[in-house]
Amino acid sequence: MTKFTDLNLNPKVLKAINEAGYESPTPIQADAIPPALEGRDVLGIAQTGTGKTAGFVLPMITLLARGRARARMPRSLVLCPTRELAAQVAENFDTYTKYVNLTKALLIGGVSFGEQDKLIDKGVDVLIATPGRLLDHFERGKLILSDVKVMVVDEADRMLDMGFIPDIEKIFGFTNPLTRQTLFFSATMAPEIERITNTFLSNPFRVEVARQATTGENIKQGVVMFTASRKDREGSEKRKLLRALIDAEGEKCTNAIIFCNRKSDVDIVAKSLKKYGYDAAPIHGDLDQSQRTRTLDGFRAGDLRFLVASDVAARGLDIPAVSHVFNFDVPSHAEDYVHRIGRTGRAGRDGAAIMICVPRDEKNLADIELLVQKPIPLIENPLKTATSDEPEAEVAPAEEKQPSRSRRSSTAKKAEPKRDAAPKPVAAEEENSQKANRKPSARGKNGKNGGEVIGMGDHLPSFIALSFEERRAES
Ligand code: AMP
């Protein structure tokens, strides 16, 4: 097995790694660090949770340890899609630069320009930024990027989702291709990402650590099929079901991230949980930065049990011990499912991911199953057995409908992944485990069984529903 000492890292970096308690490099680190240290461009196909951040931070520190930054001319640049991810990368730099004197600045929205300008004026070795804020600084004439020796693009697939690719191309254009080394990371290689890497990377060393769009084997997954008693009660009945699902997990659920597709639902779900005595707080791009940071810090420290989040706000967050992920909605973008459930089961721990699926989301569920190449086991609606004398019930009890989707139609066959063993259901009930053996749901069931054929309507991927300005504001 490769050891950190085999990788040619600066001894001061090795000392900091040792103190951080990491014994050996993760596969992406073992593969990406040597070519990065040789000055090669690296294309890393890896999700969060693989240790990819240290995969670029450690060689960067080693490469930058000699030399000094000049005013307004950063020596390296890390581009991240969201503020949270940028802050996390900055924390990584703090950890590993303990014994190396490097200056850094974090350019993210929601923080005053003045402080950021002062740092840039002094000269920084490492500039960590979201694309929108970086361009704002650049366009104000405060920044010169031609001296950037190492440029990192992190979570490029997310940049694509958020409409940042034109910004990334612009930023590449401000750097010097002859002296710039590029380290480029993406969980998946969409054609647009492929195009960018072909354009801006020079003979990159390609490192791929996990199959594209796989979901961790240590994460138990389940989906509850749910039909509201009335259309106008869907929201409140789903929230009730969510509480029941949380309760059913009992003490196993030490903490959880609850994902909603819409920012407005993030607020409503958090408020509702709080009202019912659950320790919950929301996080999404409309909240101010100090509030987001406070909420996240509380969740990391174990002071907050439930974090209700939008995809953008939670993407890439490194919170090592999250026992559960609840998908209040089926994500409309199948890739998001992989990213959402990747928040649990990190660093070899077990995790659970439970999702609520209403009939109109069945097509999205089928898309997810196609992507992950396995069916998500059905789990029982816990409200089926719940009594109706709950205190202060928000709404009438949810209708107890059997799952409407058929997992045995002919189209399902096409979607059936190859698999050796049936996945385990989240709640290991006999009845459910039989259902778990079923095939992935069929796509578009011609309006039968509640899976009506629909246009974009409610199924607009959340990032498309955002205006460009909103997407920038999210970053
Ligand atoms: P990342 O994929 O960069 O978000 O990292 C995921 C998690 O792995 C973080 O909690 C890191 O602190 C942790 N980590 C990074 N490198 C190592 C390593 N070599 N050994 C163990 N854990 C690591």
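Everything numeric in this text was worked out from a predicted model, so none of it was measured.

## Topic: the overall build of the chain
- Looking only at helices and strands, one finds 19 helices and 13 strands in the chain.
- Carbon together with sulfur atoms contributes 49% to the accessible area of the chain, which is approximately 20,100 Å² in total.

## A short note on the nonpolar core
- The biggest cluster of nonpolar side chains holds 37 residues, and the ones touching the most others in it are Phe56, Leu58, Met60, Val78, Phe93, Ile128 and Leu183.
- The biggest single contributor to this core is helix H3 (residues 52–64), with seven residues.
- Excluding its chain neighbours within four sequence positions, the residues that come into contact with Val78 are Phe56, Met60, Val89, Phe93, Leu127, Ile128, Ala129 and Val152.

## Observations concerning the sheet that holds strand S6 (residues 181–186)
- Pairing in this open sheet of seven strands is parallel, and the strands run S3-S4-S2-S5-S6-S1-S7 from one edge to the other. In the strand order of this sheet, the two ends are held by strand S3 (104–107) and strand S7 (205–208), each with one partner. Going from strand to strand, the sheet's axes swing by 10° on average, the running direction of each strand aside.
- With four bridges joining them, strand S2 (residues 76–79) and strand S5 (residues 150–153) adopt parallel strand pairing. When the bridges of S5 are listed, Leu77 appears paired with Met151.
- Packing against the sheet, helix H8 (residues 165–174) makes contact with S2, S5 and S6, and its axis sits at approximately 175° to S5.

## Focus: the side chain of Thr182
- Within the secondary structure, Thr182 sits in strand S6.
- What makes Thr182 buried here is its relative accessible area of 0%.
- At a separation of 2.9 Å, a polar atom in the side chain of Thr182 contacts the side chain of Arg180.
- Not counting the four nearest positions on each side in its chain, Thr182 is found in contact with Arg40, Asp41, Val42, Met151, Phe172, Phe200 and Leu201.

## Brief notes about the packing of helix H14 (residues 334–341) against helix H15 (residues 362–372)
- Where H14 contacts H15, the axes come no closer than 8 Å and their chain directions differ by 70°. When the interaxial angle is binned, H14 and H15 end up roughly perpendicular. When you trace H14 past H15, the crossing you get is right-handed. Taking contact as the criterion, the partners of Ala334, Glu335, Tyr337 and Val338 in H14 are, on H15, Asp367, Ile368, Leu371 and Val372.

## Here's the deal with the pairing of strand S11 (residues 306–309)
- Burial along S11 is two-sided: the residues Phe306 and Val308 and Leu307 and Ala309 are all buried.
- Here four bridges tie strand S9 (residues 256–259) to S11, and the two strands are oriented parallel to one another. From the neighbouring strand, Ala256 faces S11, where its bridge partner is Phe306.
- Summarising the sheet, strand S10 (residues 280–283) and S11 pair through four bridges and their orientation is parallel. The partner of Ala280 across the bridge, within S11, is Phe306.
- Following the chain from S10 across helix H12 (residues 289–301) to the adjacent parallel S11, one finds a crossover that is right-handed.

## Details of the sheet that holds S9
- A sheet is described by the order of its strands in space; here six strands give the open sequence S8-S13-S12-S9-S11-S10, paired in parallel fashion. Only two strands of the sheet have a single partner each, and these edge strands are strand S8 (219–225) and S10. Pairwise comparison of adjacent strand axes, ignoring direction, gives a mean angle of 20° for this sheet.
- Packing against the sheet, helix H10 (residues 234–249) makes contact with S8, S9, S11, strand S12 (324–327) and strand S13 (351–357), and its axis sits at approximately 155° to S13.
- Contacts between H14 and the sheet are confined to S8, S9, S12 and S13, with S12 contributing the most and set at about 150° to the helix.

## Focus on the UniProt feature "short sequence motif: Q motif" (unreviewed entry) in the chain
- Residues annotated by UniProt as "short sequence motif: Q motif" (unreviewed entry) correspond here to residues 2–30.
- Taken as a whole, residues 2–30 contains 48% helix and 0% strand, while its terminal C-alpha atoms sit 7 Å from one another.

## Some words on the site of the ligand
- Around the ligand, 14 residues are found, and the nearest of them are Tyr22, Gln29, Gly49, Gly51 and Thr53.
- Measuring from an oxygen atom of the ligand, one finds a backbone N or O atom of Gly51 at 2.7 Å.
- A distance of 3.3 Å is found between an oxygen atom of the ligand and a backbone nitrogen or oxygen belonging to Lys52.

## Some words on the environment of Ala248
- Within the secondary structure layout, Ala248 lies in helix H10.
- Along the chain, Ala248 and Asn381 lie 133 residues apart, while their C-alpha atoms are 9.9 Å from each other.

## What about the side chain of Arg180?
- In this fold, Arg180 is placed in the loop between H8 and S6.
- Within polar-contact distance, the side chain of Arg180 engages the backbone oxygen of Phe200 at 2.8 Å.
- Among residues more than four places away in sequence, those in contact with Arg180 are Asp41, Val148, Lys149, Met151, Phe172, Thr175 and Phe200.

## Re helix H5 (residues 113–122)
- Along H5, the residues classified as buried are Gln116, Asp117 and Ile120. The buried residues of H5 all sit within an arc of 105° when viewed along its axis, so they share a single face. Across from the buried face of H5, at angles greater than 90 degrees, the exposed residues are Lys118 and Lys122.
- Looking at the buried side of H5, the elements it contacts are S3 and helix H6 (131–139).
- At the C-terminal side of H5, Gly123 shows a positive phi close to 100°.

## Here's the deal with the packing of aromatic side chains
- Under the definition given, this model contains four aromatic pairs.
- The interplanar angle of 15° and the centroid separation of 3.9 Å between the aromatic rings of Phe138 and Phe174 together place this pair among those described as stacked. In this pair, Phe138 is assigned in helix H6 and Phe174 in helix H8, connecting sequence segments 36 residues apart.
- Relative accessible area serves as the criterion here: at 29%, Phe174 is assigned to the partly exposed category.

So, how was this worked out
- Throughout, a residue's number is its position along its own chain's written sequence, starting from 1.
- For this predicted model, a pLDDT threshold of at least 70 governs which residues receive local features, and a threshold of 80 or more governs which side-chain atom pairs are given and counted, while totals over whole chains, interfaces and linings are taken from all residues.
- Computation of side-chain values: all heavy atoms of the structure, hydrogens and water removed.
- Helix and strand definitions follow DSSP, with helices as H or I runs of at least four residues and strands as E runs of at least two, each counted in order from the N terminus.
- Per-residue and other accessible areas were derived by the Shrake-Rupley procedure at a 1.4 Å probe size, with only the shown protein chains allowed to occlude residues.
- Joining through side-chain atoms within 4.5 Å is the link that ties buried Ala, Val, Leu, Ile, Met, Phe, Trp, Tyr and Cys residues into a set, and such a set is a nonpolar core.
- A 1.4 Å probe rolled over the protein chains alone gives each residue an accessible area, and that area as a share of the maximum for its type sets the label: buried under 20%, exposed over 50%, partly exposed in between.
- For this analysis, residues touch if any pair of their heavy atoms sits within 4.5 Å.
- When DSSP finds two or more bridges between a pair of strands, those strands are recorded as paired.
- For helices, the fitted axis covers only the stretch in contact; all axes are lines through C-alpha atoms, and the angles between them, taken along N-to-C directions, range from 0 to 180 degrees.
- For the purposes of these results, a polar contact is taken to be a pair of N or O atoms within 3.5 Å, where, inside protein, one atom must be able to donate a hydrogen and its partner to accept one; residues adjacent in sequence count only when each atom of the pair is a side-chain atom.
- Roughly parallel here means an angle under 35 degrees, roughly antiparallel means over 145, roughly perpendicular means 65 to 115, and every remaining angle is called oblique.
- Crossing handedness is defined as follows: a turn of the near helix away from the far one that is anticlockwise and smaller than a right angle gives a left-handed crossing, while the clockwise case is right-handed.
- Crossovers are described as right-handed under a simple rule: with the strands pointing away from the observer, the path leading from the first strand over the helix to the second runs clockwise.
- UniProt positions are given in the numbering used here, feature names are shortened, and annotations may be inferred rather than shown by experiment.
- Distances are taken per atom, and a residue is near a molecule or strand as soon as one of its heavy atoms is within 4 Å of it.
- When we speak of the arc, we mean the arc of directions from the helix axis to the C-beta atoms.
- Classification of ring pairs rests on two measures: the distance between centres of Phe, Tyr or Trp rings, Trp counted by its six-membered ring, which must be within 6.5 Å, and the angle between planes, read as stacked under 30 degrees, edge-to-face over 60 and tilted in between.

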